[in-house]
Amino acid sequence: MANAAPNLFMTFLARSQLGLLMPGLSALHNQITNGKFSQHFRYAADFISGQENKATVESLSELSVDVKKIRRLKPWVLSKEVTYVKEMASILQKMGADGSSVAYIFECCPEAILRSPADISCQRDLWLSVCRNENQLVELIKRFPDSFFTVEHYESQKANVKFFKDLGLKNTIISRLLTSASNIFHNPVEKNKHMIETLQSHYLRLGGSQENMKTWLLKLLSQNPFILLNTSSTVQENLEFLHKNKFTDSEVLCLVSKLKGFIVQLNPATMQNSLLYSKNIFKCTDQKLKELILKCPALLYYSVPVLEERLQELLKAGVSVDQVKEAPGVLELSTEIVQHRIKKLNAIGFSLKTGNLEYLNGTKKDFETAYGKIQAKRERPVFNPVAPLNIED
């Protein structure tokens, strides 16, 4: 009897532990019987042991692909049991890609060899519907291979391409968006439609005309397609913030239309901080601050640390706060651009302390034009009609 209690306890404990393990063992048995476990186990074992698929490595080497680069960046790709190296190479070559292009694409996006030929054929046809020809498509794939070989969202991509075409976006814009803003095409088309309807309704409510709405919308989307990644509630909150700060409907519409619509991608807290910073720096009234923001929306768009850094760079160059207040657009430029332009102007003897800051503003082309005029004016000889002629004997 003395040993009976411990033995009974151990038996109970063993049975209880077995009961806990049974569901897991049952699930494991199901995976083994349907073949999933063996497949996952092989992948896991390959990855842990570092064992490579020799056929994959040989096929890549035959195509002059730098396998060492793939081992360094994404070694797990080489461990996959099923790959489509030759099939992917064939599809790319039929589109006009030469050997070096194929090798470059595989090195930049090794996952390409894991996609099924059927999926990539569908992707090729979809992208060709917005490209001029196959040569242009190959160039896009070389520049943005990850975007092209992401096929998990094919149905959404297809629906969104049709939606944007029906909306009036040109193929050149859609092809650019597919590469540079591919996440937008991963959205369900209903989400993008809802966001477009939100923008259209706000545009009309703020005083925009029905006749100009399509032009306004297409320009906004072509400049900043990422606006579609927002939610309608975010847009509503930002517009309400502007109204609470005494901006009229027409002024709000002006702000939404400037800086590629980035205003609607912000949040009230960030904008409030930027407003307070600008008001303190320029020591102005609410009305004057509003005028400055309408003149330079960057005061509302950029965060306080960014504005502070850019202002300090100008102050170091001898520019006064009052000068910046007269030409606030200079704060739209990054510190690197400002440094470069100041250096060029200093080299030809132009002093920003007494000169107009407008010469710093604008695009690169605008600056080069202004710079050329200043340089030509300073190099032109001054003619003095009463000065004696210097004639050598």
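Predicted, not measured: the structure shown is a model, and the values here were computed from it.

Right, let's talk about the overall build of the protein chain for a bit. Within the protein chain, the secondary structure is distributed over 23 helices and zero strands. Classification of the 393 residues of the protein chain by burial places 39% in the buried group. Roughly 22600 Å² of accessible area belongs to the protein chain as shown, and the carbon and sulfur atoms make up 55% of that amount.

With that settled, consider empty space enclosed by the protein. One pass over the full model with this rule turns up two cavities of 30 Å³ or more. When its volume is computed, the largest cavity comes out at roughly 50 Å³. In terms of lining residues, the largest cavity is bounded by Leu199, His202, Tyr203, Leu206, Trp216, Val235, Leu239, Leu253, Val256 and Val264. Of all the secondary structure elements, the ones that give two or more residues to the lining of the largest cavity are helix H13 (189-205), helix H15 (232-244) and helix H16 (249-257). Of all the elements, H13 adds the most residues to the lining of the largest cavity, at three residues. Computed from the structure, the second largest cavity encloses a volume of approximately 30 Å³. Considering the residues around the second largest cavity, the lining is formed by Tyr277, Ser278, Ile281, Phe282, Leu299, Leu307, Leu311 and Leu331. Those elements giving two or more residues to the lining of the second largest cavity turn out to be helix H17 (268-282) and helix H20 (304-316). For the lining of the second largest cavity, the element with the most residues is H17, which contributes four residues.

So, on to unusual backbone geometry. Here Lys246, not a glycine, exhibits a phi torsion of approximately 70 degrees, which is positive. Checked against the element boundaries, Lys246 lands in the loop between H15 and H16. A residue is classified by how much of its surface remains accessible, and Lys246, at 65% relative accessible area, is exposed. One non-glycine residue, Lys283, adopts positive backbone phi at about 50 degrees.

This part covers the side chain of Arg310. Structurally, Arg310 is set in helix H20. Of the side chains with opposite charge, Glu309 comes closest to the buried, unpaired Arg310, at an N-O distance of 6.0 Å. Of the polar contacts made by the side chain of Arg310, one reaches the backbone oxygen of Leu333; its length is 3.2 Å. The residues contacting Arg310, other than those within four sequence positions of it, are Tyr302, Leu331, Glu332, Leu333, Ser334 and Thr335.

Looking at the protein chain as a whole, the pLDDT averages 85, with 83% of positions reaching at least 70. Segment residues 1-49 is flagged for pLDDT under 50; beyond a separation of four residues in sequence, or across chains, it makes 12 contacts in the model.

Okay, the layout of surface pockets next. In this structure, the largest pocket occupies an estimated 220 Å³ of space. Taken together, 13 residues form the lining of the largest pocket, with Asn245, Lys246, Leu275, Asp286 and Leu289 sitting closest to its centre. Elements with a minimum of two residues in the lining of the largest pocket: H17 and helix H18 (286-295). The dominant element in the lining of the largest pocket, judged by the number of residues it contributes, is H18, at five residues.

Analysis parameters
- Residues numbered from 1 in each chain as written.
- Predicted model: local features only at pLDDT ≥ 70, side-chain atom pairs only at ≥ 80, totals over all residues.
- Heavy atoms only, no water.
- Helix = DSSP H or I, 4+ residues; strand = E, 2+ residues; numbered from the N terminus.
- Buried < 20%, exposed > 50% of the residue type's maximum accessible area, 1.4 Å probe, protein only.
- Areas by Shrake-Rupley, 256 points an atom, 1.4 Å probe, with all protein chains shown as cover.
- 1 Å grid on protein atoms, 1.4 Å probe; cavity = no way out; pocket = protein on both sides within 12 Å on 5 of 7 lines; lining within 4 Å.
- Points joined across faces, edges and corners; volume = space filled by probe spheres on them.
- Lys, Arg positive; Asp, Glu negative; His and termini not counted.
- Salt bridge = Lys/Arg side-chain N within 4 Å of Asp/Glu carboxyl O.
- Polar contact = N/O pair within 3.5 Å; in protein donor to acceptor, adjacent residues only side chain to side chain.
- Contact = heavy atoms within 4.5 Å.
- pLDDT = per-residue confidence, 0-100.

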